[in-house]
Amino acid sequence: MILEKLRICSMPQFVRFVHDLVPLKEDPDVVVTDLLFGTVPVKLYQPKGLSCTPRPGIVFYHGGGAVMGSLKTHYAICCHLCKKSGSVVLAVGYRKLPQHKFPAALTDCFAATTHFLKSLNVYGVDPDRVVVCGDSVGGAVATVVCQKFLGCPDLPKIRAQILIYAQLQAVHFQLPSYQQNKNVPLASRDFAFYCWHRYLDIKPSWKSTVLKGAHLPAEVWEKYRKWLGTENIPERFKKRPYRPVLPEPLNEAAYLETSLALDLLNSPLIAEDEVISQLPEACIVSCEYDLLRDDSLLYKKRLEDLGVPVTWYHMEDGFHGVLSTLDMGCLQFPCSTRILDSLVHFLKRL
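Residues numbered from 1 in each chain as written. Predicted model: local features only at pLDDT ≥ 70, side-chain atom pairs only at ≥ 80, totals over all residues. Heavy atoms only, no water.

An unreviewed UniProt entry lists the protein under the name Arylacetamide deacetylase like 3, with Canis lupus dingo given as the organism. Reading the Sequence similarities (unreviewed entry) entry of the UniProt record for the protein gives the comment "Belongs to the 'GDXG' lipolytic enzyme family." (UniProt positions renumbered as here; feature names shortened; annotations may be inferred.)

What follows is the structure, encoded as structure tokens:
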């Protein structure tokens, strides 16, 4: 942030530069190929060795708030998923901040996913077992892709969605987890707001207005309360300090500038029932010490209420970004292995 204030280098560029300095560890059992789908860079992970039948396919969207994260930072995760589940994994390297704001990342992910779905036979993938998967903002992309591709009968149907501590709404910043975990490292509320305002090109001066809930009209809050209300969150998640906050009177100027947050491309959690009810089964991973925990809990309830099968794994000792500690030696947390094993178990029973 100091370098950004001195106009030497933006924070996102500096963080990505540092992250990408870490050397990649090759896995002898996985073949990794760098490709371009049009202008979108992707990494293809394929299990080494022949298979008599087509393999499952996973389209993976990395997290990082559209600020951090890259094909390199999630290399270990994709390698493990490929090797342990016997799947072909396609990781998408979408455009990010600061140069590329909404909807550049989604445009890239839509294009790369479409290309892959039209080329499954080339990569030996079973068209009946294609899964979309993502962590953090990548989980949001996976959800949006599922919703967007419902109206594409010419493409193979997505079999399942795997959402790892996903960001699923961009309107309510006073849910219990947003208060309880507002200062947890890696995904503090300040960092989440930084990503939010940069991605949607909103002035940072609206922060206090948004936190007070004054950026949306009363009728909008009322419309979405049935899905975003804290009564939808189990009581056991409200035991740590939490204070309900009622929205303050509308600030018209803030609403005009922030209303893009209501777009379903940014808040797939608030899609209508007719959309949610058509979605494929889901595997949802939530972490107790995560700002975005309640996004997962609310989405889980919406899916279940509409009859969509959900497999839910909650990590009591987990925090946002913990899966990325895989293969980090002494910095790896046991929780990361449990998450990976849970994902593999889910994939193998599809």
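From this point on, the discussion continues.
Right, let's get into the overall build of the protein. Scanning the protein from terminus to terminus reveals 13 helices and 8 strands. For the protein, the spread of C-alpha atoms along the three principal axes comes to 65 × 50 × 40 Å. Burial statistics for the protein: of 350 residues in total, 58% are counted as buried. Residue pairs in contact within the protein that sit at least 24 positions apart in sequence constitute 78% of those at least 6 positions apart. About 15500 Å² of surface is accessible on the protein, with carbon and sulfur atoms providing 58% of the total. In the protein, the 39 positive side-chain charges and the 35 negative ones have mean positions that sit 3 Å from each other. (Helix = DSSP H or I, 4+ residues; strand = E, 2+ residues; numbered from the N terminus. Buried < 20%, exposed > 50% of the residue type's maximum accessible area, 1.4 Å probe, protein only. Contact = heavy atoms within 4.5 Å. Areas by Shrake-Rupley, 256 points an atom, 1.4 Å probe, with all protein chains shown as cover. Lys, Arg positive; Asp, Glu negative; His and termini not counted. Charge placed at Lys NZ, Arg CZ, Asp CG, Glu CD.)

On to the UniProt feature "domain: Alpha/beta hydrolase fold-3" (unreviewed entry) in the protein, then. In the numbering used here, UniProt assigns the feature "domain: Alpha/beta hydrolase fold-3" (unreviewed entry) to residues 58-205 and 254-323. Note that residues 58-205 is 36% helix and 17% strand, and that its end C-alpha atoms are spaced 40 Å apart. Counted over residues 254-323, helix gives 31% and strand 27%. Its end C-alpha atoms are 36 Å apart.

Bringing the packing of aromatic side chains into the picture now. Following the criterion strictly, the structure yields 12 aromatic pairs and no others. Judged by centre distance (6.4 Å) and plane angle (35 degrees), the rings of F37 and Y123 are tilted. Pair noted here: F37 is in strand β1 (residues 30-37) and Y123 is in the loop between α4 (104-117) and β5 (125-135), with a separation of 86 residues, a long-range link. Since its relative accessible area comes to 16%, Y123 is described here as buried. With a centroid separation of 6.1 Å and an interplanar angle of 35 degrees, the aromatic rings of Y224 and W227 are classed as tilted. Here the residue Y224 and the residue W227 both occupy positions in helix α9 (residues 218-228), the gap between them amounting to 3 residues, near one helical turn. Residues Y224 and W227 agree in their burial class; the two are buried. (Phe/Tyr/Trp six-rings, centres within 6.5 Å; stacked < 30°, edge-to-face > 60°.)

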